[in-house]
Amino acid sequence: MTYSHPRPDCSVMDNHERIGLAFSGGKDSLAIAYLLRPYWDRLTFYHCDAGDLLPETVEVVKHIEEMAPRFVRIETDSR
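Model, not experiment: these values are computed from the prediction.

> How do you make sense of the packing of aromatic side chains when you look at a structure like this?
On inspection of all chains with the given rule, the structure shows 4 aromatic pairs. Aromatic side chains Phe 23 and Phe 71 sit 6.4 Å apart centroid to centroid with 75° between the ring planes, which places their arrangement in the edge-to-face category. Within this pair, whereas Phe 23 is found in the loop between β1 (19–22) and α1 (27–35), its partner Phe 71 is found in strand β3 (residues 71–75), the two being separated by 48 residues in sequence. Note on accessibility: Phe 23 and Phe 71 belong to one class, buried. Between Phe 45 and Phe 71, the ring centres sit 6.2 Å apart and the planes meet at 20°, which makes this aromatic pair stacked. Of this pair, Phe 45 sits in strand β2 (residues 43–49) while Phe 71 sits in strand β3, placing them 26 residues apart in sequence.

Reading the values: the criteria
- Residues numbered from 1 in each chain as written.
- Predicted model: local features only at pLDDT ≥ 70, side-chain atom pairs only at ≥ 80, totals over all residues.
- Heavy atoms only, no water.
- Phe/Tyr/Trp six-rings, centres within 6.5 Å; stacked < 30°, edge-to-face > 60°.
- Helix = DSSP H or I, 4+ residues; strand = E, 2+ residues; numbered from the N terminus.
- Buried < 20%, exposed > 50% of the residue type's maximum accessible area, 1.4 Å probe, protein only.

Here it is, written out as structure tokens:
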């Protein structure tokens, strides 16, 4: 049995020159980041780092930060 999800319609992105994405570093954020990869030239990733991320999340955030043309890290202290 093969099950596949239809690819979401992202054509609404074509109507925008600047796109912002709140990127947590979790699996859903990572999935949407890759889904929106054709729009990265217009996309800015915003990540709020409260200083309490799991090590695997830190790696995901670092990975996207290195690849994305525009990545804004907002640092806070959860303590």
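Structure's up, so let's keep going.
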